[in-house]
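Given next are the chains, with one letter for each unit.
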Amino acid sequence: MGLITLSHLIITLQVVINTVHGAPSDIQLDAKAQSTHRLDSLNLLSYTLLLILTVLTIWLFKHRRLSFVHETGLAVIYGLIVGAIIRYSGATSQVINMQVFVDETKYNSSLPPDTLSLYMPKPNPSRNLTFQYVFRNEIDDVKENEIDLKATFDPEIFFNIILPPIIFHAGYSLKRKYFFRNLGAILTYAIIGTTVSSFIVGILMYGCVQLMPIRLATSFTFLDTLYFGALISSTDPLTIIAIFNDLNVDVNLYALVFGESVLNDAVAIVLSGSIQHYGKRYQLGTGGFEIKAFFQAVGDFCGIFMLSLLIGAAMGCITALMTKYTRVRDFPLLESALFVLMSYSTFLIAEASDLTGVVSVLFCGICQAHYTYNNLSEDSRIRTKQIFELLNFLAENFIFSYIGVSMFTFPKHHFETWFIIAGFICAAIGRAANVYPLSFLLNLGRHPKIPLNFQHMLFFAGLRGAMSFALAIRNTRSEARQAMLTTTSLIVIITVIIQGGASMNLLKWLKIPVGSDEETEALSQNGGHSGNSTPRSDCNEPFGAPQRPTQNEKALLARVWGSLDSKYMKPLLTHSRPTLLETLPVCCTPLARFLTTTEQLTQPINAISGHQV
């Protein structure tokens, strides 16, 4: 019995000894995990403190009525300061690097492997340890600060997490009444103007690059400069729009600036994707200009844009049907959650289908505001508007803060002085080519005309922002793309700080009327709601003058859609009157009765939706 107890004791001691031998590595790994967690927390804390500082400074500026710089400019400035502190104050820390040399010819610098499996020997010779590492990017200096690495986010975070609420809010808060009244001009600036600007910038930049040193000239292809033209033609006049709201600038100018910026984001991202698709086909061809590939790229542009639009509109309509024909409104928290998830899934469905989530979520937001909003309970209306307003504010300021931080911490910046100077000049020329010639053509058949001082403001409102930066940072593999990112970041920083800060003074200098009276469109007792405060001015009179609504104040396309919308779409998707029983032919009465809710039938006969297009 004593021998058995002794043998058990010996076995126990061997187990303890083996455990102790393994302890040092576990302790080191625990310490490394704790250090990584601490750095992650410190990184997020840095951005949180940046946003807190921005909010407090905004309050101070509003309290003191200061206007020489706007909140987005403040976010960029604070980001630059924090980025410089991170870059130059921290000592190089324990970033453990192992040099691995590859002798397999199938891997090269232009196509690195996605993952790296590293086999490490273990004390037990019968088994090896395998570690798998994911490709991040190419580095020039192995001595890096660990907080420097942590401060750099995966570019996909911008597309999949940060951008969707910004774009959705743009559609959800759109003043549709005045947007549709200026629809022709907005589409002209956003689609034709952005395309013209992209090609002009691309062509001019290619010409400038050819005049630069041979090393730079050989780094850029025409498709590279064309891609740069597409991404830099996307405008983000967040600062201008905020000032327009504060000063109650004429609503037609507001609609032109805001509507064009909303749509040209979508156009720019689809156009850049079409250029990339052309590039793939171009590489498979003869090397010259290929007619077939060009028209396929044009087809890609039209097809992707329209399919993405349809997905967004369909998801908005599906959400409207779900909220109309169910009683989910009895549980406002579930209703709000469903609304948010359906809206976000629109973006993911489009991206997973190789379409453009930005276009889808934009038009989903427009449809959600126009239809679904009417079916929501009062709690959900307030909650969803506040949620997306808050997310938009935080996401926008986070991006501008990150742009400032990344100027010092992002490892793939490439400063080319001549390319940067050319980028500023060509971007300004491209914006001018968008605004002035198209305004002249629009004024030939437009009433009211777009006056010259409003054209100057449209040109000045061409700030670059979140979309340009997100497109530029998504691919920084080549030297050309790195130079594009650096130039884009500098253009964003300069335009936001300088143009944003000077916009209020420019309004006075251009003698643009401000201080328009505002009115809130009436709410229907049964769900019709515009959700937006809009100035009284319409668009059938000269800008800034007293105006009277007339039947012909809307664009032709808006009038056609408005008739279809009021007769069929609103009765189907909301509880508004008239019902489908009154608008559909008699032969469709059974279907109309099935699609008409009791709530619609019990409404007063004069209860109509407050939405107007």
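Small disclaimer: the values here were computed from a predicted structure and weren't measured. (Residues numbered from 1 in each chain as written. Predicted model: local features only at pLDDT ≥ 70, side-chain atom pairs only at ≥ 80, totals over all residues. Heavy atoms only, no water.)

1. Quick notes on the overall build of the chain
Consideration 1: When its secondary structure is counted, the chain shows 22 helices and 4 strands.
Consideration 2: Counting the 613 residues in the chain, one finds 49% classified as buried.
Consideration 3: Once local pairs closer than 6 in sequence are excluded, the contacts in the chain between residues at least 24 apart make up 78%.
Consideration 4: Surface accessibility of the chain: about 30300 Å² in total, with carbon and sulfur atoms responsible for 66%. (Helix = DSSP H or I, 4+ residues; strand = E, 2+ residues; numbered from the N terminus. Buried < 20%, exposed > 50% of the residue type's maximum accessible area, 1.4 Å probe, protein only. Contact = heavy atoms within 4.5 Å. Areas by Shrake-Rupley, 256 points an atom, 1.4 Å probe, with all protein chains shown as cover.)

2. Description of the packing of aromatic side chains
Consideration 1: Applying the stated rule across the entire model yields 16 aromatic pairs.
Consideration 2: Seen in terms of ring centroids, Phe301 and Phe305 are 6.4 Å apart; in terms of plane orientation they differ by 25 degrees. Their pairing is stacked. Taken together, the residues span about one helical turn, with Phe301 and Phe305 both in helix H11 (residues 291–324) at a distance of 4 residues. Considered together, Phe301 and Phe305 belong to a single accessibility category, that of buried residues.
Consideration 3: Grouped by ring-pair contacts, the aromatic residues Phe168, Tyr172, Phe339, Tyr373 and Phe388 constitute a single cluster.
Consideration 4: Sitting over the ring of Tyr227, Arg481 keeps its end group 4.2 Å from the ring centre. (Phe/Tyr/Trp six-rings, centres within 6.5 Å; stacked < 30°, edge-to-face > 60°. Lys NZ or Arg CZ within 6 Å of the ring centre and 35° of its normal.)

3. Things to note about a nonpolar patch on the surface
Consideration 1: Together, Leu42, Leu45, Leu49, Ile52 and Leu56 give the surface a local cluster of nonpolar side chains, amounting to about 440 Å² of exposed area.
Consideration 2: Overall, the relative accessible area of 38% leaves Leu42 in the partly exposed class. (Patch = residues over 30% accessible without salt bridge, like charges linked within 9 Å, V, L, I, M, F, W, Y side chains within 5 Å. Salt bridge = Lys/Arg side-chain N within 4 Å of Asp/Glu carboxyl O.)

4. A short note on helix H18 (residues 479–509)
Consideration 1: Given a rise of 1.5 Å per residue, 31 residues ought to cover 45 Å, and the 42 Å separating the end C-alpha atoms of H18 matches this to within 8%.
Consideration 2: The sharpest bend along H18 reaches about 50 degrees and sits at Ser503.
Consideration 3: The element H18 is largely enclosed, with a buried count of 22 among its 31 residues.
Consideration 4: Lys511 sits one or two positions beyond H18 and adopts a positive phi of about 60 degrees. (Expected span 1.5 Å × (residues − 1). Bend = angle between axes of the 7 residues up to and from the residue.)

5. Focus on the nonpolar core
Consideration 1: Counting residues in each nonpolar core, the largest one holds 123 residues, and the members touching the most others are Phe158, Phe228, Phe244, Leu253, Phe419 and Met457.
Consideration 2: The element best represented in this core is helix H10 (residues 251–283), accounting for 14 residues.
Consideration 3: With near-sequence residues (within four places) excluded, Phe244 lies in contact with Val249, Leu253, Tyr254, Val257, Met457 and Leu507. (Core = buried A, V, L, I, M, F, W, Y, C linked by side-chain atoms within 4.5 Å.)

6. Observations concerning the pattern of salt bridges
Consideration 1: On inspection of all chains with the given rule, the structure shows 6 salt bridges.
Consideration 2: Between Arg577 and Glu582 there is a salt bridge, with the nearest N and O atoms lying 3.4 Å from each other.
Consideration 3: Judged by its relative accessible area of 11%, Arg577 is buried.

7. Examining unusual backbone geometry
Consideration 1: Omega for the bond connecting Arg577 with Pro578 falls within 30 degrees of zero, at 0 degrees, which places this linkage in the cis form.
Consideration 2: The residue Pro578 is located in the loop between helix H19 (556–573) and helix H20 (580–583) in this model.
Consideration 3: Residue Asp354 is not a glycine yet carries a positive backbone phi of 65 degrees.
Consideration 4: With a relative accessible area of 59%, Asp354 lands in the exposed category.
Consideration 5: Its identity is not glycine, yet Lys511 carries a phi of approximately 60 degrees, on the positive side.
Consideration 6: Topologically, Lys511 is positioned in the loop between H18 and strand S3 (518–520).

8. So, the environment of Thr384
Consideration 1: Note that Thr384 resides in helix H14 (residues 378–409).
Consideration 2: A C-alpha to C-alpha distance of 6.4 Å links Thr384 and Ser336, two positions 48 residues apart in sequence.
Consideration 3: Residue contacts for Thr384: discarding those within four places in its chain leaves Tyr172, Ser336, Phe339 and Leu376.
Consideration 4: Side chain to side chain, Thr384 and Tyr172 meet in a polar contact 3.2 Å long.
Consideration 5: Reaching out from Thr384, the side chain makes a polar contact with the backbone oxygen of Arg381 at a distance of 3.2 Å. (Polar contact = N/O pair within 3.5 Å; in protein donor to acceptor, adjacent residues only side chain to side chain.)

9. A look at the side chain of Thr346
Consideration 1: Assignment of secondary structure puts Thr346 in helix H12 (residues 332–352).
Consideration 2: In this structure Thr346 touches Ile311, Gly312, Met315, Ser360, Val361 and Cys364, once residues within four positions along its chain are discounted.

10. Focus on the packing of helix H8 (residues 222–232) against helix H17 (residues 466–473)
Consideration 1: Between H8 and H17, the least distance of the axes is 8 Å, while the angle of their chain directions is 150 degrees. Between H8 and H17, the angle falls in the class roughly antiparallel. In this structure, H8 uses Tyr227, Leu231 and Ile232 to contact H17, whose residues at the interface are Ser468, Leu471 and Ala472.
Consideration 2: Tallied by class, residues from the contact of H8 with H17 come to 5 nonpolar, 1 polar and no charged. (Axes fitted to C-alpha atoms, helices over the stretch in contact; angles between N-to-C directions. Parallel < 35°, antiparallel > 145°, perpendicular 65-115°, else oblique. Nonpolar A, V, L, I, M, F, W, Y, C, P; charged D, E, K, R; others polar.)

11. Brief notes about the side chain of Ser336
Consideration 1: Inspection of the secondary structure puts Ser336 in helix H12.
Consideration 2: A relative accessible area of 3% places Ser336 in the buried class.
Consideration 3: Once residues within four sequence positions are removed from consideration, Ser336 is found in contact with Ser380, Arg383 and Thr384.

12. A few points about the environment of Arg181
Consideration 1: Position of Arg181 relative to the elements: it lies in helix H5 (residues 176–181).
Consideration 2: For Arg181, a relative accessible area of 6% puts it in the buried group.
Consideration 3: Arg181 sits 74 residues away from Ala255 along the chain, and the two C-alpha atoms are 8.8 Å apart.

13. Looking at the confidence of the model for the chain
Consideration 1: For the chain, mean pLDDT is 75; residues scoring 70 or higher make up 72% of the total.
Consideration 2: Ranking the elements of the chain by mean pLDDT puts strand S4 (residues 533–535) last, at 35, and H12 first, at 92.
Consideration 3: Note that residues 518–552 has pLDDT below 50 and, in this model, 105 contacts with residues that lie over four places away or in other chains.
Consideration 4: Contacts for the low-pLDDT stretch residues 608–613, under 50 throughout, to residues beyond four places or in other chains number 31 contacts. (pLDDT = per-residue confidence, 0-100.)

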